[in-house]
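Letter by letter, the chains look like this.
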Amino acid sequence: MNKVQLLFHHIFRFIWNLIFIISYPVLASFGLLFIGVTYLFSLLSRFLNRLRPEGKKVVLKESAWEELPHSEGLLEAKLIKQIMFGPSGFEFRRKDGVPSVLSDYVFGNKVRVLEEGFILEKWNSTESKDLPDFDICLYNPNQDSLRLLTNIRCFDWHVSEKDENELSFKWFDGTQGGEVKVAL
């Protein structure tokens, strides 16, 4: 190297070392401060977790029958199938002990109450690979009849509109949606 190049080399090395010497304590302090704040929040979280009351834990038992809300004490449900990251399958029965057509099928947890009866999601299969494949049915408790309204092959559906003798169901499977109208 000639003398000019050597001079530039020493100047740039001096500047680089100066930048490193000045910035290193700042970067190291920031790192230590970040670790300290994280540790402080961890201790605070542990302390607050000890102060929090446990509350009431609810455990669903597979053998317990529970009254179905909004059924006026008419129906009971029992969990029989839980799909991982998916819906639950229930068996329904009448609470008054009358043998019912409901005991032959597995239903989903979507129950809608109408004047005409209960809109139920009847599973056609309990195997995870076959789901979603549901028949939307109308259960008339006075006649103990289960009438098929339509078949929907997705988890996301709801009753969108009810006219005098007609129900509209909307569904969405993540990529496409639709509407089905059925006569009551």
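Coordinates for the structure precede this section.
Here's what I pulled together on the structure shown here. None of these values were measured; they are calculated from a predicted model.

A word on the side chain of Ser168. Inspection of the secondary structure assignment puts Ser168 in strand S9 (residues 166-172). Discounting chain neighbours no more than four positions away, the residues touching Ser168 are His158, Val159, Ser160, Glu161, Glu179, Val180 and Lys181.

Counting 13 residues, the largest nonpolar core has Leu75, Phe92, Leu102, Phe118 and Leu120 as the members making the most contacts within it. Considering each element in turn, this core owes the most residues, 3 residues, to strand S2 (residues 75-82). Formed by 11 residues, the second largest nonpolar core is a distinct cluster that contains Leu149, Ile152, Trp157 and Val182.

Next up on the list: the pattern of salt bridges. Under the counting rule described, the total for this entry stands at 2 salt bridges. Linking Glu76 and Arg93 is a salt bridge whose minimum nitrogen-to-oxygen distance equals 2.7 Å. Placement of Glu76 in strand S2 and of Arg93 in strand S3 (residues 88-94) is noted, with a sequence separation of 17 residues between them. Under the relative-accessibility criterion, Glu76 is labelled buried at 11%. With a relative accessible area of 35%, Arg93 lands in the partly exposed category. Between Asp135 and Lys122 there is a salt bridge, with its nearest N and O atoms 3.4 Å apart. Taken as a pair, Asp135 in strand S6 (residues 134-140) and Lys122 in strand S5 (residues 118-123) lie far apart in primary sequence, 13 residues in all. Lys122 matches Asp135 in its accessibility class, with the two residues each being buried.

Now for the packing of aromatic side chains. Two descriptors summarise a pair of aromatic rings, namely the distance from one centre to the other and the angle between the planes of the rings. By the definition in use, this model includes 3 aromatic pairs. Seen from their ring centres, Phe20 and Tyr24 are 5.6 Å apart, and the 35° between their planes marks the pair as tilted. Of this pair, Phe20 and Tyr24 both sit in helix H1 (residues 3-51), 4 residues apart, which is roughly one turn of the helix. Between Phe118 and Tyr139, the aromatic rings sit 6.5 Å apart at their centres with planes inclined by 25°, giving stacked as the arrangement. Residue Phe118 is located in strand S5, and its partner Tyr139 is located in strand S6; the two are separated by 21 residues in the primary sequence. Judged by its relative accessible area of 5%, Phe118 is buried. Taking the relative accessible area as the measure of exposure, Tyr139 reaches 0% and is therefore buried.

Looking now at the pairing of strand S8 (residues 156-162). Looking along a regular strand, one sees the side chains alternate between the two faces of the sheet. Both S8 and S9 contribute to a ladder of 6 bridges, which runs antiparallel. Directly across from Glu161, in S9, lies its bridge partner Ser168. Taking the residues that link successive antiparallel strands as the turn, the S8-S9 hairpin has 3 residues.

A separate point is the environment of Pro132. With respect to the secondary-structure elements, Pro132 resides in the loop between S5 and S6. Sequence separation between Pro132 and Cys154 is 22 residues, and the spatial gap between their C-alpha atoms is 5.2 Å. In this structure Pro132 touches Arg153, Cys154 and Phe155, once residues within four positions along its chain are discounted.

Our next topic: the side chain of Glu76. Within the structure, the side chain of Glu76 is placed 2.7 Å from the side chain of Arg93, a separation counted as a polar contact. With residues near it in sequence (within four places) discarded, Glu76 still touches Trp65, Glu66, Glu67, Leu68, Glu91, Phe92, Arg93 and Lys95.

Further remarks concern the pairing of strand S7 (residues 145-152). Across 7 bridges, the pairing between S6 and S7 is antiparallel. The residue of S7 that forms the bridge with Cys137 is Leu148. Taking the residues that link successive antiparallel strands as the turn, the S6-S7 hairpin has 4 residues, and the phi of Asp144 there is positive, at about 50°.

Reading the values: the criteria
- Residues numbered from 1 in each chain as written.
- Predicted model: local features only at pLDDT ≥ 70, side-chain atom pairs only at ≥ 80, totals over all residues.
- Heavy atoms only, no water.
- Helix = DSSP H or I, 4+ residues; strand = E, 2+ residues; numbered from the N terminus.
- Contact = heavy atoms within 4.5 Å.
- Core = buried A, V, L, I, M, F, W, Y, C linked by side-chain atoms within 4.5 Å.
- Buried < 20%, exposed > 50% of the residue type's maximum accessible area, 1.4 Å probe, protein only.
- Salt bridge = Lys/Arg side-chain N within 4 Å of Asp/Glu carboxyl O.
- Phe/Tyr/Trp six-rings, centres within 6.5 Å; stacked < 30°, edge-to-face > 60°.
- Pairing = 2+ DSSP bridges.
- Polar contact = N/O pair within 3.5 Å; in protein donor to acceptor, adjacent residues only side chain to side chain.

Read these as layout, nothing more, since geometry by itself doesn't imply function.
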